Amino acid sequence: MNIIQIVSLSLVATILVIILKQYRPEFSILISLIACIFVVLFAFEKIQTIISMLNDLIFASGINKTFFEILIKITGIAYIVELASNLCADAGEKAIASKVEFAGKVLIVTMSVPIITTLIETITEVI
Amino acid sequence: MDVELLFKIAAIGILVAVLHQVLVRAGREDQAMMTTLTGLVIVLAMVVEQISDLFNTVKTLFNL
């Protein structure tokens, strides 16, 4: 599964979606969902190596590990939320898409609270 | 596995669309609705399997 397969898969899926859009719109959404999932799964395999490399780097440099874990979680949330909101927008449901994005943002901010508090503490120590 | 699934779903979609038209022309709208729904359920069963696969990958990868 390399980039050429990915590109051809997404083009074929787009054509299938257009074919089916006028007859059975619900199937067209399912086809685009499946195509998105395949491309994302392909990318996530590659991300695995990046994350393990970053893990080793962070572990070697001795920086606080919890921040890195929070960052990884935030990127995970961002990917999934972006996938869901684009799919909803494609299907014409802009309201649902924006609500999914809103929930994702709220979750990301709540997860980054510890980082913000430690940042403020370090700043107050300096001043 | 993945490309075939895409074509399988497209084939079911087209088949259901054709069946729907045929049944509607034959005057049996209720059966047309039934075939559409069954086709949709079959495809949804396949799609749900893929979605759970994606969510498991995300959970393990980003330890969400």
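Scroll up a little and you will see the structure.
Here goes a summary of the coordinates provided. (Residues numbered from 1 in each chain as written. Chains lettered and ligands numbered in written order. Predicted model: local features only at pLDDT ≥ 70, side-chain atom pairs only at ≥ 80, totals over all residues. Heavy atoms only, no water.)

Next up on the list: the overall build of chain A. Helix and strand counts for chain A stand at five helices and zero strands. Walking chain A from its N terminus toward its C terminus, one meets helices and strands in the order α-α-α-α-α. In summary, chain A has a C-alpha radius of gyration of 20 Å against a globular reference of 14 Å for 127 residues, an excess of more than 25%. Per-residue burial over chain A gives 30% buried out of 127 residues. Partitioning the intrachain contacts of chain A with sequence separation of at least 6 by distance along the chain shows that 50% fall at a separation of at least 24. A gap of 8 Å separates the mean positions of the 8 positive and 10 negative side-chain charges of chain A. (Helix = DSSP H or I, 4+ residues; strand = E, 2+ residues; numbered from the N terminus. Rg over C-alpha atoms; globule rule 2.2 N^0.38 Å. Buried < 20%, exposed > 50% of the residue type's maximum accessible area, 1.4 Å probe, protein only. Contact = heavy atoms within 4.5 Å. Lys, Arg positive; Asp, Glu negative; His and termini not counted. Charge placed at Lys NZ, Arg CZ, Asp CG, Glu CD.)

So, on to the nonpolar core. Across soluble globular proteins, nonpolar side chains have a tendency to be buried as a group. Ranked by size, the top nonpolar core spans 38 residues in total, and within it Ile31 and Phe44 of chain A together with Leu6, Ile9, Leu54 and Phe62 of chain B carry the most contacts. The element that contributes the greatest number of residues to this core is helix α2 (residues 25-61) of chain A, accounting for 14 residues. For Leu6 of chain B, the residues in contact, after removing those within four places along its chain, are Leu9, Val12, Ala13, Leu16, Ile31, Ile34 and Ala35 of chain A. (Core = buried A, V, L, I, M, F, W, Y, C linked by side-chain atoms within 4.5 Å.)

This part covers the interface of chain B and chain A. Contact with chain B, which involves 30 residues of that partner, is made by 31 residues of chain A. Roughly 2,700 Å² of surface becomes buried between chain B and chain A when both sides are summed, with 88% attributable to carbon and sulfur atoms. Linking chain B to chain A there are zero salt bridges. One can count zero residue pairs in polar contact (both at pLDDT 80 or more) joining chain B with chain A. Taken together, the elements giving at least two residues each to the side of chain B that touches chain A come down to α1 (2-25) and α2 (29-62) of chain B. Ranked by residue count, the leading element in the side of chain B that touches chain A is α2 of chain B, at 15 residues. Looking at the side of chain B that touches chain A residue by residue, the classes come out as 21 nonpolar, seven polar and two charged. (Buried area = accessible area lost by both parts, 1.4 Å probe. Salt bridge = Lys/Arg side-chain N within 4 Å of Asp/Glu carboxyl O. Polar contact = N/O pair within 3.5 Å; in protein donor to acceptor, adjacent residues only side chain to side chain. Nonpolar A, V, L, I, M, F, W, Y, C, P; charged D, E, K, R; others polar.)

The relative placement of two packed helices comes down to the angle between their axes together with the axis-to-axis distance. Residue and element names in this part refer to chain B. Taken N-terminus to C-terminus, the directions of α1 and α2 make an angle of 170°; their axes are 8 Å apart at the nearest point. As summarised for this structure, α1 and α2 are arranged roughly antiparallel, according to the angle between their axes. Counting all contacts with α1, which are made through Leu5, Lys8, Ile9, Ile12, Val16, His20, Leu23 and Val24, the residues of α2 involved are Glu29, Gln31, Ala32, Met33, Thr35, Thr36, Gly39, Ile42, Val43, Met46, Val47 and Gln50. Of the residues assigned to the contact of α1 with α2, the class counts are twelve nonpolar, six polar and two charged. (Axes fitted to C-alpha atoms, helices over the stretch in contact; angles between N-to-C directions. Parallel < 35°, antiparallel > 145°, perpendicular 65-115°, else oblique.)

The subject of this paragraph is the environment of Thr38 of chain B. With respect to the secondary-structure elements, Thr38 of chain B resides in helix α2. Once the C-alpha coordinates of Thr38 of chain B and Ile12 of chain B are considered, the two residues, 26 residues apart in sequence, prove to be 10 Å apart.

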